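# Structural description and commentary
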Amino acid sequence: MSHTAGLHCEQLTRRVGERCLLDRLNLAVEPGESLALLGPSGCGKTTTLRLLAGLDPASGGRIRLDGDDITTRPAGQRQVAMVFQSYALYPHLSVVANLELGLEVRGVPAAERRRRIAEVLALLQLEGLELRRPAQLSGGQRQRVALARALLRQPRLMLLDEPMSNLDAQLRDQLRPELRALLQRAGHPVIHVTHDQQEAMGLADRIAVLDGGVLQQVGTPQELYHRPANLFVARFLGRPGINLLRPEAGVQRAVRPEHLQLVPDGGLPVRLQQREWQGAQQLLRLESDLGLLLLLCDAAQPLGDALQVQWRAEDELRFDGSSGQRLE
Amino acid sequence: MSRTSLPLLLAALGWSLMPLLWQLLTSLRTAEALVLQGAGAWLQGWTLDNYRLVLQGDPPFWRYLLNSSLVGAASTGLTLLLAIPAAYGLQRQRPALRGALSLALLAAAMFPYVLLFLALLELARALGWGNQLLALALPYAGLSLPLAVLLLRAAFADLPEELEDAARLEGLNLWQRLRRVLLPLLAPAIASTAILVFLFSWNEYPIALTWISRADLLTLPVAMARIAGSSVYAVPYGAFAAATVLGALPLLALVLVFQRQIVSGLTQGAVKG
């Protein structure tokens, strides 16, 4: 592959009226790589997806796909497939007709259409459901049909908009590895949007965190978790959330709940407010002179009367109090 | 249905169906039988003569049915042909512009069209559209368009936008998206709009009265008014009732054919359900 393979966004911007929905986004995704766009609602992640798909026009910047500039190319000619949050299956058509419509319109001969549809139905274990209408399918089946339709597009870029949000939690856990394996096999760049960090970590090789239309950080889940670029990323990732200590001299210090340790003496004295048993672990809410602290430790750990906590200096993250940037 | 609403429903049905039933009975009785009194009155005086009279008139009654059907079909077709693209276009406008245009359409739909018929007559004269049956479809479509566009616009708005986005990504052009995805889903709305337009055209009186004077080109309402006023000395109740019944039959058939479309909700299951 040449160095231009995959997806490259350069200074991609989307403005509607006075509002800037996406501000000069730079992003590169390699073939076969899966990138999650993560952020709170309104952060610009769906905007990015729609720009890449060609559903909305870009106000500035460029999108290159395998070296081609597709910034102004109409959606139908980009060879970009998308799985929508609602799946957007055509409700009046059967599963087979849903899959066939696009192929037919793109002029694929009938025999090849049948062959390719049979292939993708087998791949996604949808055999036997060919003649059902979308309304007669379960949530997981609908998702697979939507995915099948996207794969039949033979996309150069696959986009997924909150692919799991319409499924219940148990099904999500079950489908996540399946979806990941399927997408990896396909060999094109995959971008999926989510507000669920667990989903992002489970599906993606790298995560891009967005806030207010501005890219905060891109990196592997581990990088983002351990070396967040700024306070927003540090607070957005991790459950339970990171502890923010009382700011001192313009420096905001932060420690993850699992990095706090209970010690017999020599630590920061705390008072136990609440104890939440979570099976393997327990979550303690502690009051201290530095503010409220969450501590995650082994459920078997005994608690004494006078509690003290400490943490290793290298586990402490330090941020600039005003800009929020992490200090090395 | 709850128990208390059943009598209400029956009362409402009776309220709207009684006049029709009365017309049906009247059409099947001789003129003498209509004024008979006493318990035995219902046993005699039944006849099909009224229908015979109406159907064998000059021109025969089916001619008016045909005229009205032609005008109705042309008006409906023309209205939908213009209203569907207009509604789609309207729905795709910015909200502020869409609101303003919808308001203007609403004003046009609310305007009492009777105030227009003299002006329309002048227009017909100037353009030589008098006594041209299908020319009636032009004012009918024009008058139906505002409401039709508003109804269809609302139906377009109810369709999930992601459906059309998905079709765009698959390479369907505008026409293909409309024909393969959007219009099938709008079938119920299109059917009910079509029936409204057809009904308006079927019942329209002042424009038909002033534009058409040749007896063989009359539409139903005008023809029926002529039957009612055909004699100075008597009101031909029976014949008039027979014409009413015959005139209602095509509409009944139309509603029966389309009732499934009107009632069904096809968008079910488009999104999470």
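Thresholds applied
Residues numbered from 1 in each chain as written. Chains lettered and ligands numbered in written order. Predicted model: local features only at pLDDT ≥ 70, side-chain atom pairs only at ≥ 80, totals over all residues. Heavy atoms only, no water. pLDDT = per-residue confidence, 0-100. Contact = heavy atoms within 4.5 Å. Buried area = accessible area lost by both parts, 1.4 Å probe. Salt bridge = Lys/Arg side-chain N within 4 Å of Asp/Glu carboxyl O. Polar contact = N/O pair within 3.5 Å; in protein donor to acceptor, adjacent residues only side chain to side chain. Helix = DSSP H or I, 4+ residues; strand = E, 2+ residues; numbered from the N terminus. Nonpolar A, V, L, I, M, F, W, Y, C, P; charged D, E, K, R; others polar. Axes fitted to C-alpha atoms, helices over the stretch in contact; angles between N-to-C directions. Parallel < 35°, antiparallel > 145°, perpendicular 65-115°, else oblique. Left-handed = near helix turned anticlockwise from the far one by under 90°. Domains from an automatic or database assignment. Pairing = 2+ DSSP bridges. Buried < 20%, exposed > 50% of the residue type's maximum accessible area, 1.4 Å probe, protein only. Patch = residues over 30% accessible without salt bridge, like charges linked within 9 Å, V, L, I, M, F, W, Y side chains within 5 Å. Areas by Shrake-Rupley, 256 points an atom, 1.4 Å probe, with all protein chains shown as cover.

### Let's talk about the confidence of the model for chain B
Residue and element names in this part refer to chain B. Residues at a pLDDT of 70 or more form 93% of chain B, whose mean pLDDT is 87. For the stretch residues 265–273, pLDDT sits under 50, and the model shows 23 contacts to residues farther than four places along the chain or on other chains. The complex prediction reports pTM at 0.82, with the ipTM value standing at 0.86.

### Re the interface of chain A and chain B
Facing the 30 residues of chain A at the interface are 23 residues of chain B. The contact between chain A and chain B buries some 2300 Å² in all, and 57% of this surface belongs to carbon and sulfur atoms. Summed over the shared surface of chain A and chain B, the result is 3 salt bridges. The salt bridge partner of E170 of chain B is R106 of chain A, with a shortest N-O separation of 4.0 Å. One can count 9 residue pairs in polar contact (both at pLDDT 80 or more) joining chain A with chain B. Where the side of chain A that touches chain B is concerned, the elements lending two or more residues are α1 (45–53), β6 (80–83), α2 (95–105) and α4 (139–152) of chain A. The leading source of residues in the side of chain A that touches chain B is α2 of chain A, at 5 residues. Taken together, the residues of the side of chain A that touches chain B break down into 15 nonpolar, 8 polar and 7 charged.

### Here we look at the packing of helix α6 (residues 137–158) of chain B against helix α8 (residues 174–203) of chain B
Residues and elements named next belong to chain B. Where α6 contacts α8, the two axes come as close as 10 Å, and the packing angle between them is 140 degrees. Taken as axis vectors, α6 and α8 run oblique relative to one another. In the packing of α6 onto α8, the handedness of the crossing is right-handed. Facing Y140, L143, S144, L147, A148, L151, L152, A155 and F156 of α6, the residues of α8 in contact are L178, L182, L186, A189, I190, T193, L196, V197, F200 and S201. Taken together, the residues of the contact of α6 with α8 break down into 16 nonpolar, 3 polar and no charged.

### Overview of the domain arrangement of chain A
All names here are of chain A. According to the domain assignment, chain A contains domain 1 (7–231) and domain 2 (244–327). Look at where the C-alpha atoms of domain 1 and domain 2 centre, and you get two points 38 Å apart. With 7 residues of domain 1 in contact, the opposing surface of domain 2 contributes 9 residues. If you sort the residues of domain 1 by the area they bury against domain 2, Y225, P228 and L231 come out on top, with a joint share of 63%. Put simply, domain 1 and domain 2 have 5 residue pairs in polar contact (both at pLDDT 80 or more) between them. Its residues placed into classes, the side of domain 1 that touches domain 2 shows 4 nonpolar, 2 polar and 1 charged.

### Focus on the sheet that holds strand β5 (residues 68–69) of chain A
Residue and element names in this part refer to chain A. Strand order in the open sheet made by the 4 strands is β2-β1-β4-β5, with antiparallel pairing throughout. Edge positions in the sheet fall to β2 (19–29) and β5, since each of these pairs with one other strand and no more. Bridge analysis of strand β1 (residues 7–16) against strand β4 (residues 60–65) gives 5 bridges, and the strand direction is antiparallel. Looking across to β4, one finds that T13 is bridged to G60. Of the strands in this sheet, β1, β2 and β4 touch α1, which is tilted by about 115 degrees from β1.

### Points about the side chain of S102 of chain B
Residue and element names in this part refer to chain B. Of note, S102 is situated in helix α4 (residues 95–110). Looking at S102, the relative accessible area reads 15%, which means it is buried. Setting aside residues up to four positions removed in sequence, S102 forms contacts with L90, L150 and R153.

### Remarks on the pairing of strand β10 (residues 214–219) of chain A
Residues and elements named next belong to chain A. In this sheet, β10 lies alongside strand β9 (residues 206–211) in antiparallel orientation, the contact comprising 5 bridges. Paired with A208 across the two strands is V218, which belongs to β10. Between the end of β9 and the start of β10, which pair antiparallel, lie 2 residues, with G212 showing a positive phi angle near 55 degrees.

### Brief notes about the sheet that holds β9 of chain A
Residue and element names in this part refer to chain A. The sheet built from 6 strands is open, its strands ordered β6-β7-β8-β3-β9-β10 with mixed pairing. Across the chains shown, the open sheet's two edge strands, defined by having one partner strand only, are β6 and β10. Between one strand and the next, the sheet's axes are offset by a mean angle of 20 degrees, whatever the strand orientation. Summarising the sheet, strand β3 (residues 34–38) and strand β8 (residues 190–194) pair through 5 bridges and their orientation is parallel.

### Considering a nonpolar patch on the surface
A surface patch of nonpolar side chains, amounting to about 540 Å² of accessible area, comprises L6, L9, L10, L13, L17 and L20 of chain B. Structurally, L10 of chain B is set in helix α1 (residues 5–27).

### Describing the pairing of strand β18 (residues 317–320) of chain A
All names here are of chain A. Along β18, the buried face is formed by L317 and F319; none of R318 and D320, which line the opposite face, is buried. Relative to β18, strand β12 (residues 251–255) runs antiparallel, the two being bridged by 4 bridges. Across the sheet, the residue bridging to Q252 is F319, located in β18. The pairing of β18 with strand β19 (residues 326–327) spans 2 bridges and is antiparallel. Bridge pairing links R318 to L327 in β19. Hairpin connection, β18 to β19: the antiparallel pair is bridged by 5 residues, and G324 has positive phi, about 80 degrees.

### Overview of unusual backbone geometry
Each neighbour pair has its own omega, and for R239 of chain A with P240 of chain A the value is -10 degrees, a cis peptide bond. Of note, P240 of chain A is situated in the loop between α8 (231–236) and β11 (243–244). Phi at A88 of chain A takes a positive value of approximately 50 degrees, unusual for a residue other than glycine. Within the fold, A88 of chain A resides in the loop between β6 and α2. On the accessibility criterion, A88 of chain A (1% relative accessible area) is buried. We note that N131 of chain B has phi near 60 degrees; this positive angle belongs to a residue other than glycine. You can call N131 of chain B partly exposed: its relative accessible area is 24%.

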